[in-house]
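# Overview (structure and organization)
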Amino acid sequence: MAVDLYSTALIALVVVITGILSIRLRISSSILEVGAGVILGSFMGVQIEPWLDFLATYGGLMLTFLAGAEVDLYLLRKSAKPSFTIGTMAFIAPLIGEMIFLSVFTDWTLFARLAASLALTTTSVAVVYAVLLEYELIDLKASRLIIAATFVNDILTLIGINLISPSFNLFTVAFLLIIAFMILALPKILDYLIESYGKRAIELELRFIFAAMLGVSFIADVGKLHAVFGAFVLGLVFANCIHSYDDLLPKTRSVTFSLLSPAFFVRAGLLISLPAVAQNIMLIIGLLAAKMIAKFAGTYYFNKKWIPEAPIFSTMLLSTGLTVGTIVATLGRDLGFLDQIQFSVAVTVVILSAIIPTLIAKRFVPRKA
Amino acid sequence: MESIEDYGIKRIVVAVDTTDYSRMVIARAVAIAVAFSAETHIISVVQLPRLVASEADVGIQEVRIDEKQYAEHQKSLIDEFLLGRDLPVEAHILHGDPSGKILEYANDIGADLIIMGSKAYGKVHRLLLGGVSEDVVRNAKCSVMIAR
């Protein structure tokens, strides 16, 4: 099949421009890439080509894998009770809140409501981490607890996507066995590969990570667990050993964020319909409010109990969402549960949830002791 | 009535990155610090998005690597220019919007002077986007010296 060079060149150029703008204007590159996708699709006639579908799917899987790989399991173990309680409430409360809101105000199908609600349960680790860094709070115990709760929230959302079309078969069992094997064998395999073949231009260790990620995602997919779930679980397994190698995670991130992630976000933008966003502005505001109110109702009490120095700040940070939310919404769209209008609404709310709660949180920054 | 001592320099904030250019910036700062027996506060800022960040903009491990590079560079500057001098020195690594963080730090410690470098951008670039040094010059509550 011939490649449409007009679209290809335009997208490649736009990815460079959004990269420069994100650095110069100091705005999230992912949000700019979604915006660029909207402009390309709405005003410049760019269509989604098969190559973009491939790169975006790969990008979505790598982003999910990295979300798993960034989880600090030691931190989770250290603050298990509060982080699991807060993280669980940060997942369940918006799931219920959004389901109720969508049931009352829309005629969306059950699975459309579920997919959109799941997309809005997330908390963005990157947003939370950046805000804590910005206010030099990252070393506080409270901050570590917020991050741990964010990890729990992400884990539950990625487990929760299996609520969409729940099913299992023999491959589900195979997936579980492979993951059990990986937990035991992965550190040794990585050690062997890096010692025997590592530190070369061909980057064998990176090739192994990509192969393992795609293989496990495939088994998860045929095992009716969704490919992104497989990628996330493998990322979690990697989280135990990837930090032993200084340059492995940065290299994986470089490949992901230079090529794959822009494709994912530009494609998400191309799937957004501007008229649908304009026509559903009240629904978008309502969904955002429902997310924030539900997060508040679900987590404020526990934040006040375990993070008494910054309960509103913590609650607002737990209301943020971006990458994982966009991944879940895209999954809902790719599975056919969300139509273009519903997807446009869901992703717009996800992006707004990265901005509005962050701005509110910054008004409630706790003082360092 | 104010005396000339009221215009002395007691605290200097020196903003450095990891480039060789920062050696010249710190050399100027040390020359002034020696003349006034001033405290020298060396700061570096790990840049973060101003609005919100995604995973592409901030990685936990990358931030640690940046912090390590800044810390090593600050130490090498201190060893080269301040070691053996009887001057109080502090070094800090901050995170966020560089100009905002430099200004905030200078205000917090009651700095009398900020010294920093400047990249020579064109007029169009400055008009559209401004720059860290211009932002600091425009908004600082103390004197600012751009080392060139």
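Residues numbered from 1 in each chain as written. Chains lettered and ligands numbered in written order. Predicted model: local features only at pLDDT ≥ 70, side-chain atom pairs only at ≥ 80, totals over all residues. Heavy atoms only, no water.

This part covers the packing of aromatic side chains. We describe a pair of aromatic rings using the distance from one ring centre to the other and the angle between the two ring planes. Counted according to the given criterion, the structure contains 11 aromatic pairs over all chains. A centroid spacing of 6.0 Å and a plane angle of 15 degrees characterise the contact between Phe302(A) and Trp306(A), whose relative ring orientation is stacked. Here Trp306(A) and Phe302(A) lie together in helix α14 (residues 281–306), a separation of 4 residues that amounts to about one turn. The partly exposed category is assigned to Trp306(A), whose relative accessible area is 24%. Members of the aromatic cluster, each reached through a chain of ring pairs, are Phe54(A), Tyr58(A) and Phe210(A). Above the plane of the ring of Tyr135(A) lies Lys101(B), whose end atom (NZ or CZ) is 6.0 Å from the centre. (Phe/Tyr/Trp six-rings, centres within 6.5 Å; stacked < 30°, edge-to-face > 60°. Helix = DSSP H or I, 4+ residues; strand = E, 2+ residues; numbered from the N terminus. Buried < 20%, exposed > 50% of the residue type's maximum accessible area, 1.4 Å probe, protein only. Lys NZ or Arg CZ within 6 Å of the ring centre and 35° of its normal.)

All right, on to the interface of chain A and chain B then. Contacts between chain A and chain B engage 34 residues on the former and 31 residues on the latter. With both sides pooled, the region where chain A packs onto chain B buries about 2,900 Å², and carbon together with sulfur makes up 54% of that total. The largest contributions to the chain A side of the interface with chain B come from Arg24(A), Arg26(A) and Tyr129(A), which together make up 26% of the buried area. Summed over the shared surface of chain A and chain B, the result is 3 salt bridges. Among the ionic pairs, Glu136(A) bridges to Lys101(B), the shortest N-O distance being 3.5 Å. Counting every contact that joins chain A to chain B gives 12 residue pairs in polar contact (both at pLDDT 80 or more). Of all elements in the fold, only α1 (5–25), α2 (29–43), α7 (125–134), α12 (248–270) and α17 (340–361) of chain A reach the threshold of two or more residues within the side of chain A that touches chain B. A per-element tally of the side of chain A that touches chain B places α7(A) first, with 7 residues. (Contact = heavy atoms within 4.5 Å. Buried area = accessible area lost by both parts, 1.4 Å probe. Salt bridge = Lys/Arg side-chain N within 4 Å of Asp/Glu carboxyl O. Polar contact = N/O pair within 3.5 Å; in protein donor to acceptor, adjacent residues only side chain to side chain.)

In short, shape yes, function no, at least from these values alone.
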